[in-house]
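Structure assessment
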Number of protein chains: 4
Amino acid sequence: MAEIVSDTSWMQAMLDVEAALARAQARLKLIPEGAASEIAAHCRAEEFDMAEIGRAAPDSANPVVPLVKALRTRVGRDAAPHVHRGATSQDILDTAMMLIARRALDAMLEEMQRAAESAASLADHHRTTVMAGRTLLQQAAVTTFGLKAAGWLTAIVEARDALTAIRDAELAVQLGGAVGTRAALIDAGVENELASELKLQRPVLPWHTDRTRVAKLSAQLAIAAGVMGKIALDVVLLAQTEVDEVREGGSGERGASSTMPQKRNPVDAVEILAAVRGTNAQAAIVLGSMVQEHERAAGAWQAEWQAVSGLLQLAGGTTWRGARLLGSLEVDTERMRRNLDLTGGLIMSEGLVTMLAERTDLVTARALVDSAVAKARESGRPFRQLALEDPRITRHLRSDELARAFDPSSNLGSAAALVDRALDNYRAQKRPRSDR
Amino acid sequence: MAEIVSDTSWMQAMLDVEAALARAQARLKLIPEGAASEIAAHCRAEEFDMAEIGRAAPDSANPVVPLVKALRTRVGRDAAPHVHRGATSQDILDTAMMLIARRALDAMLEEMQRAAESAASLADHHRTTVMAGRTLLQQAAVTTFGLKAAGWLTAIVEARDALTAIRDAELAVQLGGAVGTRAALIDAGVENELASELKLQRPVLPWHTDRTRVAKLSAQLAIAAGVMGKIALDVVLLAQTEVDEVREGGSGERGASSTMPQKRNPVDAVEILAAVRGTNAQAAIVLGSMVQEHERAAGAWQAEWQAVSGLLQLAGGTTWRGARLLGSLEVDTERMRRNLDLTGGLIMSEGLVTMLAERTDLVTARALVDSAVAKARESGRPFRQLALEDPRITRHLRSDELARAFDPSSNLGSAAALVDRALDNYRAQKRPRSDR
Amino acid sequence: MAEIVSDTSWMQAMLDVEAALARAQARLKLIPEGAASEIAAHCRAEEFDMAEIGRAAPDSANPVVPLVKALRTRVGRDAAPHVHRGATSQDILDTAMMLIARRALDAMLEEMQRAAESAASLADHHRTTVMAGRTLLQQAAVTTFGLKAAGWLTAIVEARDALTAIRDAELAVQLGGAVGTRAALIDAGVENELASELKLQRPVLPWHTDRTRVAKLSAQLAIAAGVMGKIALDVVLLAQTEVDEVREGGSGERGASSTMPQKRNPVDAVEILAAVRGTNAQAAIVLGSMVQEHERAAGAWQAEWQAVSGLLQLAGGTTWRGARLLGSLEVDTERMRRNLDLTGGLIMSEGLVTMLAERTDLVTARALVDSAVAKARESGRPFRQLALEDPRITRHLRSDELARAFDPSSNLGSAAALVDRALDNYRAQKRPRSDR
Amino acid sequence: MAEIVSDTSWMQAMLDVEAALARAQARLKLIPEGAASEIAAHCRAEEFDMAEIGRAAPDSANPVVPLVKALRTRVGRDAAPHVHRGATSQDILDTAMMLIARRALDAMLEEMQRAAESAASLADHHRTTVMAGRTLLQQAAVTTFGLKAAGWLTAIVEARDALTAIRDAELAVQLGGAVGTRAALIDAGVENELASELKLQRPVLPWHTDRTRVAKLSAQLAIAAGVMGKIALDVVLLAQTEVDEVREGGSGERGASSTMPQKRNPVDAVEILAAVRGTNAQAAIVLGSMVQEHERAAGAWQAEWQAVSGLLQLAGGTTWRGARLLGSLEVDTERMRRNLDLTGGLIMSEGLVTMLAERTDLVTARALVDSAVAKARESGRPFRQLALEDPRITRHLRSDELARAFDPSSNLGSAAALVDRALDNYRAQKRPRSDR
């Protein structure tokens, strides 16, 4: 991903646009065929001295100005006047950004598909693996690891679909000329050719200062990263020494510490959590930069390039890491089961209330359980034991019923059905939207 | 909008959810019909003492705990146990947030429709109104006010469509119980009834810690506000004393100053620009809060309520202000025309290059014009005059051709066609998506 | 805190400024003494209809315009012309903001002092309470709860001192008139009187569009909230069911759940974590709003009021909650000690490396320990046991030395000295800076 | 600045810390003198293969792990065990960050001093240059360009002083070992030596998860950038074609356009405005990352490096650009004077009110002027003319008095005195704080 958004890739993308523009204009007989070939032949990043163009940058508000100048020098006298005909710097840069975005999205979508597949497999495999559901980081009630993974899956699928939709509908050529009015050499026909050539959409209007598509892309990248962040946070928390229910897989030195021999740190999850902070910041730049002046902005547009590059790199990092993390996650089902016992049955107290409520009423049931909970807290004895001994409870529930009340597998509600629902939803949407 | 997101509205929305839940459960014979009626009858905000519930809030992590307690007290002994059956606090709060969001979106979409209509009318009316196109706040080339308004229109239409799609597809009930596993009293059937009752979607899974839908909503609200912000910035800049091409309409004291008799400040535009800063900040909270712990977050979820409320209020403010602003904008076409003359024809220099390039070549043409530009700068004489006197230019262009080169109306490229394209796009999508 | 930043408080603060301005001008014989008294007598929020002034707001870019108008009506014909003499709306609003900020800071600083005292007491009391130090949420090496509390203390002290410095040096009157040039009725003399009257600083220049002081205040409020957030996060993590080393104190229903009888949720910590997300967002608005136009901003200034209000309220909430949290924290030293045993001595492996390195060399020592760690992982047997049995280790260390290596109290490095250093630092700075 | 924060600089800074640590330990006889020399001799970035270390990075949560490994390989067998003794990765990285920050701040402070000098010179030189003061982008009242420059100056001076204070007081060594308890090889004595060696402060405690100093640094960098942003925005607005009161200086191609011959875009100002958006986003990451887990964070710390690097680079860019911009700004005093006439005297209406109020009363005076303003708006005739003809006005003011009322130089209030105050303040603080 670092490569897809590198300085060289940006330069090549800008050259790709210049080449495609010349070819489009030649196809419509607006410039000579020979000039277009000559221009296209030189539109290769390796022909240009990045450092030199970089040195010219501080004196112009964008890198297209020195690049076009250098390209004109390389193509020779006859073709030179046909370089960059009718276009404005922003046409080139914005279209290049769309190309970069598409390449990055293609890579990300593949990783997201891999991540989804791994999450689906975890959901399927751990359909009946009981574990503690935790709210506000307190054990709250029983759930399954399958349902947790199904939740990850559903979020990944939704993010993948939304990014696919953006890739297919929002990435558009920019071709408006100096102030977006278009002129002879960049009319609707040229735009059409350029769009076909670069496999980008045609916008309703040039979008020099309507940054909706960039904002949508950025927001959705941040959302996709956020989805990976939620998974990473769950993993980091489950991997805590005191919880120890999952571990990042991967062999060898991954996660080793420079000082502590015993450490095997969660690496991918931590890096995802770091990257998410970055994606949100970069997305905030882009959203905040929608407010642009007139026909070209004085600052807000210029802030976008680095922000979008950073966003693609960081978000792409989260999906790459996320796919690796989910693909090699080690799950300790035994420990999950044992952690359920930590509270002496307290985690099943809501289920007990429900069961008792069927025999008395909810208010009474809650009061009976509250009293046993209090007694467990005071005495330090297991709640389960106290419940079994409490005549006000055993009056309503037989011992086999109470055993069921304290059996995690009997406290799963619709967890299995929900896993199925999530898997069905995933399988139905497995093929990327655009192929359907 | 302040009313839609007020504390009272939130409380009523939570009560609406409790009422709907009871009715849904009664319809499925899970609780007695009479209890449901009794509960529903008391689910009116005015029956509750907001201040008292507020006083209990600091000791619980959310307002549902004291509200349910108060509701149980009000409904009487028989119905009390049937209040809030199977649901968890977050089920109520999240579903209430969806109700609030829908009401707010309905109001915003109406305002956006009004704003779009006004922008369309400006685009249509000012199709041939020439004005300076400005890049980096410098006069760059000629455009029309119609095309500028068409740009506003296109962005509004896209934001309106995106928000409509979110209203129709993303607002979903939340019903998962303590840890999202659902149980007998809140199974798929109840969820289904609840969704119909409240006219919300059914999600794939309970979404306690999958905040994608809230993030999408928030990002798109920020984008909609950003669209209004771009319009407001254009208006503020065009309304500058030295530019003076548009003014906010509205009668009487609007925009008066406490000290300066002559001032007529742009009020709606300024308030939109202020609000946009707020919407971005609130959206950043929500995006940053996607990373949530396990089955319920410890902080990230609790930060959402105020952020979403604030976002709806601020974004709603921008659309209300934006509709008013566009509906009463005063446009000074005469001043637009006069401002085009400020540079003695320099603003038409790119067109002159293009025209000259047809007779010589682009490089020569640019050199000739550059030289005349430099002379105009040094001498302080009008560029137009110097061009007319320069034999290296007049050798290529006749005086009628030069007159055309300096006629703004001949320098508009495809502006008119683009206005048509924007209006066609608007009219094709005029009916909200969901009605088609 | 909600009260300090309420709409009524803002209105009163604005009236306080108008009253003080009139008195200052009267003292310098610029307006009649009687007019000043009359004005001051009516500068009471309860005399004004907030709702009516609110209704006028949408048509003016700030609330001072309608407020001054209403005040002129109330004071009668003779005094009316002397209301708001020479001042501009922003003078009043900015100075009012400073008054609000000072009141809020006073309250926060008191809470921070209470929080510091509690943290100091925890540090002192738990100087030798061993517990696991955790990095990346993995048990890493032994530390003391005293040192952890000392870390909290040091951060609180620093935040308190920084906020005290801002309160004493950065809160300044604003008095510049329409464009900051000042005129006869608001000259340096009047500014001086006004500053004394309101106990605010005199700035170098009017600061209508130099928002440094507001930015500094906001950033430091966010930092103070961040300090509380770090403490809250530690508490939430230590309070996890599986860790269970601390609990929020407080009696009764604090932290109760609407569904789960056993839950005792961390409430203050969770609310702090929610609030910190808000403070950062509001601070971002203010920092982003430093870029203001000319002599008064079109949007950036108007965005500040709500942001600063929200920031004071949210940051104030974190210090109030933080003081309560630290003042009633329940610490389970026994559990802390037991959790140290969870890894069979692995947490002491770095200490063992250090000890072995003294007899061989660091590289060999690390290799020996790495091998024992690996064996412990494979076999599932306690690391401590394996180390005691490993002749390559026992060759270097006697059994009493090994016992020491596995004694947490022998692995504390300079923890006690660091606690002393933190307490000394706190005690040296106990009296607020401005008193010294 | 890009160089100061480059990957190579970071690696060198980490090696500088390792070298200084070894030397400090040798000085205290904790490791052999020869080992320290050997280590220090190899602590040169050019000895290491950045790409290789980069390739190892994804498998560890930070770059110190592979770097220490590589360093141990290079120094040979005897010295190897003495590399990185007692330190943890974060000790090295955090201290390296402080070194990077100091170098960057030194460079920035020099640029800020140059910027301040230029602003002071503009303030001094243009003490009597009248121009329009503008509020909400409307001409509001007369001011001087000297006062505007004095405002820039005062903000720069304050930002410079605040950054100097941070450089001198907040940049501290980090030396805590695995969990911040310190041990034999990194005790207070070693910390002391290390601090002297690296010319950094000693902190009260190791600050692994107390990020106050990083947050303060980041916030102040954002504030400094914001100060430059305010100047840049003023310049961009004043350089508008329709205002044309200032221009960026600089010769040759600076600000040229790829298509429009006449354009001379404001380049430095635009780039500053772009950079400020970035600094705010990076500062938000750091502020948001204060909430860190236990003794080392899982994500929040890792997000800091890139954020602080980016922040230093972007903020440094704004000061470099800002110094260049102010040092070569071209000011058109003649145009400033002419723009004052655009409103036919309306801009002086507040002064006329004040003058009339001395003869009648403020309310009457305002009514008289309001009426003339209205007449000017309706008739399109100059306000000044209408005032001179209005008997209700001429009854109170003689024609020479009216002439004075409409003379910009008579409407400057205390502008000159304020310029003096700003210059005095600057000169008093000219020597950086730490030298006094």
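Here the structure is a predicted model, which means the values were calculated and not measured. (Residues numbered from 1 in each chain as written. Chains lettered and ligands numbered in written order. Predicted model: local features only at pLDDT ≥ 70, side-chain atom pairs only at ≥ 80, totals over all residues. Heavy atoms only, no water.)

With respect to the overall build of chain A
- What chain A contains, in helices and strands, is 17 helices and four strands.
- The C-alpha atoms of chain A give a radius of gyration of 29 Å, which is well past the 22 Å a tight globule of 436 residues would have.
- With respect to the principal axes defined by its C-alpha atoms, chain A has extents near 100 × 50 × 35 Å.
- Taken across its 436 residues, chain A has 65% of its residues classed as buried.
- Pairs at least 24 apart in sequence give 77% of the contacts found in chain A among residues at least 6 apart.
- Of the side chains in chain A, 52 bear a positive and 56 a negative charge, and the two mean positions are spaced by 3 Å. (Helix = DSSP H or I, 4+ residues; strand = E, 2+ residues; numbered from the N terminus. Rg over C-alpha atoms; globule rule 2.2 N^0.38 Å. Buried < 20%, exposed > 50% of the residue type's maximum accessible area, 1.4 Å probe, protein only. Contact = heavy atoms within 4.5 Å. Lys, Arg positive; Asp, Glu negative; His and termini not counted. Charge placed at Lys NZ, Arg CZ, Asp CG, Glu CD.)

Things to note about the relation of the copies chain D and chain C
- Once turned by 180° and shifted 0.0 Å along the axis, chain D lies on chain C with an RMSD of 0.1 Å. Each copy turns onto its partner about a two-fold axis.
- Mapped onto chain C, 98% of the interface residues of chain D are again interface residues, and the two copies thus contact each other with one and the same surface. (Least-squares fit on C-alpha atoms with pLDDT ≥ 70 in both.)

Concerning the interface of chain B and chain A
- At the junction of the two partners, chain B supplies 80 residues and chain A supplies 79 residues.
- Between chain B and chain A the total buried area reaches about 6500 Å² when both faces are included, carbon and sulfur atoms providing 67% of it.
- When the area that chain B buries against chain A is broken down by residue, the three leading residues are B:Val204, B:Leu205 and B:His294, summing to 11%.
- The interface formed by chain B and chain A includes four salt bridges. (Buried area = accessible area lost by both parts, 1.4 Å probe. Salt bridge = Lys/Arg side-chain N within 4 Å of Asp/Glu carboxyl O.)

Some details on the interface of chain D and chain C
- Contact with chain D, which involves 81 residues of that partner, is made by 79 residues of chain C.
- By the criterion of area lost to chain C, the three top residues of chain D are D:Val204, D:Leu205 and D:His294, representing 11% of everything that side buries.
- Linking chain D to chain C there are four salt bridges.
- One salt bridge connects C:Glu295 with D:Lys148, and the closest N-O pair in it is separated by 3.3 Å.
- Elements with a contribution of two residues or more to the side of chain D that touches chain C: strand E1 (130-135), strand E2 (138-144), helix H6 (145-169), helix H8 (212-238), helix H9 (267-288), helix H12 (349-359), helix H13 (362-379) and helix H17 (415-428) of chain D.
- Tallied by class, the residues present in the side of chain D that touches chain C amount to 42 nonpolar, 20 polar and 19 charged. (Nonpolar A, V, L, I, M, F, W, Y, C, P; charged D, E, K, R; others polar.)

Description of empty space enclosed by the protein
- Evaluated as defined, the whole model comprises eight cavities of 30 Å³ or more.
- Approximately 330 Å³ is the volume attributed to the second largest cavity.
- If you trace the second largest cavity, you find 26 residues lining it, with A:Pro206, A:Thr209, B:Leu147, B:Lys148 and B:Gly151 closest to the centre.
- When contributions to the lining of the second largest cavity are tallied by element, the ones reaching two or more residues are strand E2 (138-144), helix H6 (145-169) and helix H8 (212-238) of chain B.
- Here the lining of the second largest cavity takes six residues from H6(B), the largest share from any one element.
- The class makeup of the residues in the lining of the second largest cavity is eleven nonpolar, nine polar and six charged. (1 Å grid on protein atoms, 1.4 Å probe; cavity = no way out; pocket = protein on both sides within 12 Å on 5 of 7 lines; lining within 4 Å. Points joined across faces, edges and corners; volume = space filled by probe spheres on them.)

A word on the environment of A:Ala422
- Checked against the element boundaries, A:Ala422 lands in helix H17 (residues 415-428).
- Its relative accessible area of 0% is what places A:Ala422 among the buried residues.
- Residues A:Ala422 and A:Gly278, 144 residues apart in the sequence, show an inter-C-alpha distance of 30 Å.
- Every residue in contact with A:Ala422, bar those within four places of it in the chain, is listed here: A:Ala150, A:Leu153, A:Thr154, B:Val204 and B:Leu205.

Observations regarding the confidence of the model for chain A
- Per-residue pLDDT for chain A has a mean of 93; in total, 97% of the residues score no lower than 70.
- Confidence metrics for the complex model read pTM 0.96 and ipTM 0.95. (pLDDT = per-residue confidence, 0-100.)

Quick notes on the relation of the copies chain B and chain A
- Rotating chain B by 180° and translating it 0.0 Å along the rotation axis places it on chain A, where the RMSD comes to 0.0 Å.
- Taken as a fraction of all interface residues of chain B, those also at the interface in chain A reach 99%, which identifies the copy contact as same-surface.

What about helix H5 (residues 89-125) of chain C?
- Taking 1.5 Å of rise per residue, the 37 residues of H5(C) would be expected to cover 54 Å, and the 54 Å separating its terminal C-alpha atoms lies within 8% of that figure.
- The buried count for H5(C) comes to 27 of 37 residues, which makes it a mostly enclosed element. (Expected span 1.5 Å × (residues − 1).)

Details of the packing of aromatic side chains
- Per the stated rule, a full pass over the model turns up twelve aromatic pairs over all chains.
- Geometrically, the ring pair formed by B:Trp301 and B:Trp305 is edge-to-face, given 4.9 Å between the ring centres and 90° between the ring planes. Of this pair, B:Trp301 and B:Trp305 both sit in helix H10 (residues 300-327), separated by four residues, roughly a single helical turn. Of the two residues examined, B:Trp301 and B:Trp305, each falls in the buried class.
- Geometrically, the ring pair formed by D:Phe145 and D:Trp152 is edge-to-face, given 5.8 Å between the ring centres and 85° between the ring planes. You'll find D:Phe145 and D:Trp152 in the same group, each marked buried.
- Its end group placed over the ring of C:Trp207, C:Arg213 keeps NZ or CZ at 5.0 Å from the ring centre. (Phe/Tyr/Trp six-rings, centres within 6.5 Å; stacked < 30°, edge-to-face > 60°. Lys NZ or Arg CZ within 6 Å of the ring centre and 35° of its normal.)

Overview of the packing of helix H1 (residues 7-27) of chain D against helix H4 (residues 64-75) of chain D
All names here are of chain D.
- Contact geometry for H1 and H4: axes closest at 11 Å, N-to-C directions at 60°. What the angle tells us is that H1 and H4 run oblique. The two elements H1 and H4 meet at a crossing, and its hand is right-handed. Seen from H1, the contacting residues are Met11, Met14, Leu15 and Glu18; seen from H4, they are Val64, Leu67, Val68 and Leu71.
- A per-class count over the contact of H1 with H4 returns seven nonpolar, no polar and one charged. (Axes fitted to C-alpha atoms, helices over the stretch in contact; angles between N-to-C directions. Parallel < 35°, antiparallel > 145°, perpendicular 65-115°, else oblique. Left-handed = near helix turned anticlockwise from the far one by under 90°.)

Let's talk about the side chain of C:Gln25
- Residue position: C:Gln25 is located in helix H1 (residues 7-27).
- Apart from the residues lying within four places of it in its own chain, the contact partners of C:Gln25 are C:Leu30, C:Ile31, C:His82, C:Arg85, C:Leu185, C:Ile186 and C:Val190.

A few points about unusual backbone geometry
- Phi at C:His294 takes a positive value of approximately 45°, unusual for a residue other than glycine.
- Inspection of the secondary structure assignment puts C:His294 in the loop between helix H9 (267-288) and helix H10 (302-327).
- Of note in the backbone geometry, D:His84 takes a positive phi value of approximately 65° without being a glycine.
- Mapped onto the elements of the fold, D:His84 is located in the loop between H4 and helix H5 (89-125).
- Given the relative accessible area of 4%, D:His84 is considered buried.

Here we look at the pattern of salt bridges
- One pass over the structure, following the stated rule, counts 152 salt bridges over all chains.
- For C:Arg44, the salt bridge is made with C:Glu46, and the minimal N-O distance between the two is 3.2 Å.
- Take C:Arg44: its relative accessible area is 39%, and that puts it in the partly exposed class.
- Put simply, D:Arg202 and D:Glu191 hold a salt bridge, and the shortest N to O gap is 2.8 Å. Placement of D:Arg202 in the loop between helix H7 (188-198) and H8 and of D:Glu191 in helix H7 is noted, with a sequence separation of eleven residues between them.
- The buried category is assigned to D:Glu191, whose relative accessible area is 0%.
- One network of salt bridges, in which partners are shared, links A:Arg23, A:Arg27, A:Glu193 and A:Glu197.

Quick notes on the environment of C:Arg381
Residue and element names in this part refer to chain C.
- With respect to the helices and strands, the residue Arg381 is situated in the loop between helix H13 (362-379) and helix H14 (383-389).
- Judged by its relative accessible area of 37%, Arg381 is partly exposed.
- In the structure, Arg381 is positioned 103 residues away from Gly278 in sequence and 47 Å away in space, judged by C-alpha atoms.
- Setting aside anything within four residues of it in sequence, one finds Arg381 in contact with Ala376, Leu386 and Glu389.

Focus: the pairing of strand E2 (residues 138-144) of chain C
Residue and element names in this part refer to chain C.
- For E2, the buried fraction is high: seven of the seven residues fall into the buried class.
- Pairing analysis gives six bridges linking strand E1 (residues 130-135) to E2, with the strands arranged antiparallel. Across the sheet, Gly133 pairs through a bridge with Ala141, a residue of E2.
- Once E1 ends, the chain turns through two residues before running back antiparallel as E2, passing Leu136 with a positive phi of about 50°. (Pairing = 2+ DSSP bridges.)

Quick word on the packing of helix H9 (residues 267-288) of chain B against H10(B)
All names here are of chain B.
- Two elements in contact, H9 and H10, have axes whose closest approach is 8 Å; the angle formed by their N-to-C orientations is 155°. When the interaxial angle is binned, H9 and H10 end up roughly antiparallel. Every pair of crossing elements has a handedness; the one defined by H9 and H10 is left-handed.
- Here the contact of H9 with H10 is composed, by residue class, of 15 nonpolar, seven polar and four charged.

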